[in-house]
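Chain residues, written in single-letter form:
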Amino acid sequence: MNEFQKPEMKQSSEYTWDIPQTYKKGMNVPARIYASKKLLEGMDNSVYNQLTNVACLPGIVKHALCMPDGHSGYGFPIGGVAAFDPNTGVISPGGIGFDINCGMRLVTTNLTYNDMKPHLKKLVDLLYTKVPSGVGGTGFVKVDKPKFREVMSLGAKWCVDQGYGWEEDLERIEDYGRIKQANPDQVSDKAVSRGINQIGTLGSGNHYLEIQYAGEIFDEKTAKQFGIHSKDQICVMVHCGSRGFGHQIGTDYLKIFADAMKKYELHVPDPELSCAPFNSTEGQKYYEAMACAANMAFANRQVILHRIRECFSQTFERTAEDLDMHLVYDVAHNIAKVEEHKVDGKKRKLVVHRKGATRCFGPSREELAPRFRKTGQPVIIGGSMETGSYLLVGTDKALEETWGSTAHGSGRTMSRTQARREVKGQELQKEMEKRGIYVRTASYSGLAEEAGFAYKPISEVIDVMHNAGISKKVVAFKPIGNVKGTAMLNQMILLPLLLFAFLILQLLF
Amino acid sequence: MPYRFLEDITQADVAFKATGKTLNTLFKSAAHAVIETMANPKTVKPKLTFEFTKKEQTVERLLFEFLEEIIYLKDKEAAVFCSITVKVNEKTLEAKAILKGDTVNPKKQELHQDVKAITMHNYKVEHNKEWKTTIVLDI
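For the structure given in this document, a descriptive report is provided here. (Residues numbered from 1 in each chain as written. Chains lettered and ligands numbered in written order. Predicted model: local features only at pLDDT ≥ 70, side-chain atom pairs only at ≥ 80, totals over all residues. Heavy atoms only, no water.)

**Focus on the sheet that holds strand β5 (residues 94-103) of chain B**
All names here are of chain B. If you walk across this open sheet you meet the three strands as β3-β5-β4, and the pairing is antiparallel. Of all strands in the sheet, those bounded by a partner on one side alone are β3 (48-55) and β4 (79-89). On average, each strand axis in the sheet is inclined to that of its neighbour by 20 degrees, with strand direction left out of account. Summarising the sheet, β4 and β5 pair through ten bridges and their orientation is antiparallel. Among the inter-strand pairings, V88 is bridged to a residue of β5, identified as A95. This element, helix α1 (residues 23-38), spans β4 and β5 of the sheet and lies at about 170 degrees to β4. (Pairing = 2+ DSSP bridges. Helix = DSSP H or I, 4+ residues; strand = E, 2+ residues; numbered from the N terminus. Axes fitted to C-alpha atoms, helices over the stretch in contact; angles between N-to-C directions. Contact = heavy atoms within 4.5 Å.)

Written out as C-alpha cells, the structure reads:
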C-alpha cells in the first residue's frame, strides 16, 4: 500500500488539500481531499495515486474529490467522488464499487434506553434469526424470475406494494427508493440467479444491523424534524447493499468494459478504472443494469425494515405504528447518478459517481421530498460497531463544493489480518458486552476484523465535514446491540430439518 | 497448498498470492485460497458436488472466470466448499472443475467472509520457473 509517494499538496482551506493537475501526466483536472491534517497524515499512499488516476478519466469535470474517510479501493479510492460530462465523459464501475447501492437506513422508535435494556438480548437474538446474514444467507421473500424483474424495476415500491413497509417510507428514501432508468434486460441470468434468494439479507464484512440510542443531540430543531426527540431515544441502523446480485453486475460489466475500452480506444492508468463513454451502448447498458442493482438494494433494506418492525412488535407486544417506527431516511453510498449541478455558474447535467461517499443535498434541491425541502436531506454515517454513528443534514454549500457529497463512514486504518492478530472475536464479544454492547455473530474471525481499533475515529471524520459546512451534525448515536454480518442457519434447510424431526416424533409416539 | 494471504495490498479486503509448478496447481491453489476466505474447509462436509468448465482466450481471463464461478456458486447454491479437483488444458485454455461442499450451516461450519468479487486490482498471472498470481478479493 505504500509504494507511492505522497504528492506535495496545497492547503486551500482549513480542511481542503489540493493536488495540482501537473502532479501526474494525463490528469485532466486537479484533485482535492477533504481532511484534517491528522486524517490526511493517516491516509495510505494509494489514496493519492488512485485519486489522481481518477483525475485522468475522460470528461471529468472540475476536480476529483476524496472525502475524509478516504482509503484505498479499486480504481477509485473509497471516499471518492467525481462528476463527468454525459456527452464527453465516462461511466466506470470502479467509481461505484461491486456492492452497488450499498447504503444506510435509520429507523426511529419511541422507546428509551431504559425501556430497551431488559429486552435487548431477546430482541437482538430475534433479529439475528429473522434477518439472515453472512455467507450464503437467503431471505424469506421468495420470488420467481418475473417477480424479481419487478423488484429490479420498482425497488422499495415493490416491497411496499407487497405489504413489506408503509407508504410513507418511500418519500424517506433517496430517489423514493426507485431509480427509473432500471432495465432488467441489461442484467445477466447469472446475476439474477445469484441474487434472487437474497432479498432481505445483510451480507458480511462491515454490514450490520444495530440498535442504538441517541447519545448527543447537536441540532434539536432538525433532530425533531427527523423524528429524534430526546437523548436516550432508541433507533435502529442498517448497513447493507445489493448483495450477490449487484456484485455480479459489477463483475459482468468490468469484463464488458475491458473490451469496450479497446473499442473506444480509451486508456486508463488502472484496469479497475475500466469505463465506457456514458452515452455509448455499453455505458447506457451498464447504467440501466446498475439502476436494477440499486433498486434491489433499496428493496433489500426495505424488507429488512419490515423484519425489524416485526421483531420490535413481537418483543414489546405493541404494533410498529404504536412504537413510532418511522424511517428517518435511506441513503446510498456506492452509486452513479445523473444530476444537475452548477459549473462555473451554469447548470449542467453530470454523471456523479459516489464510491464510499454519501449524497448530502441541501434544502434547495427538487429531488428531495417536500418534508426535507426546509431542512436538507438526512445523511446517515455509520462508524465502527464500538464507537457509534451519526445523523447529519445536507447543505447547499455541499452543492457548490462537492457535487452534494459527504463522507460515508470511518474508513479502515488496519488490515483484516492485523485486526485478527490484535484480538480474538470471542474476547471482543465478551469485552463489548461488559461495556453494554450485545453482539450476535456466527463468525468470530469476522467480528475481530471489525473491531473499533481497526477504523479511524468517526468523530474526526464527521467534524471535518461539519466544520467545512458540507454536512452538519444533528445527532450522535451509541451502539447497544448489533447483528454483525455473519451467517445463520439457512431457512431452506432448517424447515425440512424441522419437518423431518416432527415426522420422526410422530412415528415414535 | 502453495498460497499465502497478504497484508500489504489492501486494508478493507483480502489479498493472496498463489503459486504452482503447473497451471493445474496454480488454479487449485488459488481456488483453495478463495474457499478458505469463505469458510474453514475442514469444517465443511463434501455433501454437494458442482461441476463446471471454463474456456477463455488468455490464462488471466481463464483464472479470473474460474475463480468467479466459485463465488457465483456460493451465492446461487447458498453453499461453502471443502475441496476442488481441477484439470486445466494448457493448450486449449480450458479448465474443468469438480467442487465439493455443503449448504451453509453456521452451527456446523466455521464461516469466514462473504466474498463479493474477484477484482482486477494489480491482477496478473506470471510464468517464470513457476506460475504465480496475486489476487484481491472484494469483501
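**Regarding the environment of A:E422**
Tracing the chain through its elements places A:E422 in helix α12 (residues 416-422). With residues up to four places along the chain from it excluded, the contact list for A:E422 reads A:M414 and A:F453.

**Notes on the nonpolar core**
If you look at the biggest cluster of nonpolar residues, it comprises 131 residues, and the most contacted ones within it are A:M116, A:F148, A:L209, A:I211, A:F245, A:I249 and A:F312. Broken down by element, the residue count for this core peaks at 18 residues, all from helix α10 (residues 281-316) of chain A. Those residues in contact with A:I249, other than ones at most four positions away along the chain, are A:I100, A:V187, A:A191, A:Y286, A:A289, A:M290 and A:A293. Membership of the second largest hydrophobic core comes to 46 residues, among which are B:I71, B:L73, B:M120 and B:I139. (Core = buried A, V, L, I, M, F, W, Y, C linked by side-chain atoms within 4.5 Å. Buried < 20%, exposed > 50% of the residue type's maximum accessible area, 1.4 Å probe, protein only.)

**Things to note about the packing of aromatic side chains**
With the rule as written, the count across this model stands at 18 aromatic pairs over all chains. Centroid distance A:Y253 to A:F257: 6.1 Å. Interplanar angle 85 degrees. Geometry classified as edge-to-face. With A:Y253 and A:F257 both in helix α9 (residues 243-263) and four residues apart, the pair spans about one turn of that helix. Its relative accessible area of 0% is what places A:F257 among the buried residues. Aromatic side chains B:F52 and B:F66 sit 5.7 Å apart centroid to centroid with 45 degrees between the ring planes, which places their arrangement in the tilted category. (Phe/Tyr/Trp six-rings, centres within 6.5 Å; stacked < 30°, edge-to-face > 60°.)

**Overview of the packing of helix α4 (residues 120-130) of chain A against α10(A)**
Residues and elements named next belong to chain A. Closest axis-to-axis distance for the α4/α10 pair is 10 Å, and the angle between their directions is 145 degrees. For the pair α4 and α10, the crossing hand works out as right-handed. Contact with α4, carried on its side by L123, L126, L127 and K130, involves R307, I308, C311, F312, Q314, T315 and F316 of α10 and no other residues of that element. Among the residues forming the contact of α4 with α10, the class breakdown is seven nonpolar, two polar and two charged. (Left-handed = near helix turned anticlockwise from the far one by under 90°. Nonpolar A, V, L, I, M, F, W, Y, C, P; charged D, E, K, R; others polar.)

**A closer look at helix α13 (residues 425-434) of chain A**
Residue and element names in this part refer to chain A. Taken together, the buried positions of α13 are G425, L428, Q429 and M432. One face of α13 carries all of its buried residues, which in axial projection span an arc of 100 degrees. In α13, those exposed residues whose orientation departs by more than 90 degrees from the buried face are K430 and K434. Considering only its buried residues, α13 is in contact with β18 (438-440) and α14 (444-449). Remark: G436 follows α13 within two positions and exhibits a positive phi of approximately 90 degrees. (Arc of directions from axis to C-beta.)

**Some thoughts on the interface of chain B and chain A**
Reports of interface size often rely on the accessible area that becomes lost once the parts have come together. Between chain B and chain A, the contact holds 41 residues from the first and 49 residues from the second. On the chain B side of the contact with chain A, B:E7, B:Q11 and B:K116 bury the most area, a combined 20% of that side's loss. Between B:E68 and A:K255 there is a salt bridge, with the nearest N and O atoms lying 2.6 Å from each other. Looking at the side of chain B that touches chain A, the elements that each hand over two or more residues are α2 (59-76), β6 (117-118) and β8 (131-138) of chain B. Looking at the side of chain B that touches chain A, the element that brings in the most residues is α2(B), giving ten residues. (Buried area = accessible area lost by both parts, 1.4 Å probe. Salt bridge = Lys/Arg side-chain N within 4 Å of Asp/Glu carboxyl O.)

**Concerning the pattern of salt bridges**
It is possible for side chains of opposite charge to pair when their charged atoms get near one another. Under the counting rule described, the total for this entry stands at 40 salt bridges over all chains. Between A:K255 and B:E65 there is a salt bridge, and its shortest N-O distance comes to 2.9 Å. Of this pair, A:K255 sits in helix α9 while B:E65 sits in helix α2, placing the two residues on different chains. Judged by relative accessible area, B:E65 falls into the buried class, the value being 8%.

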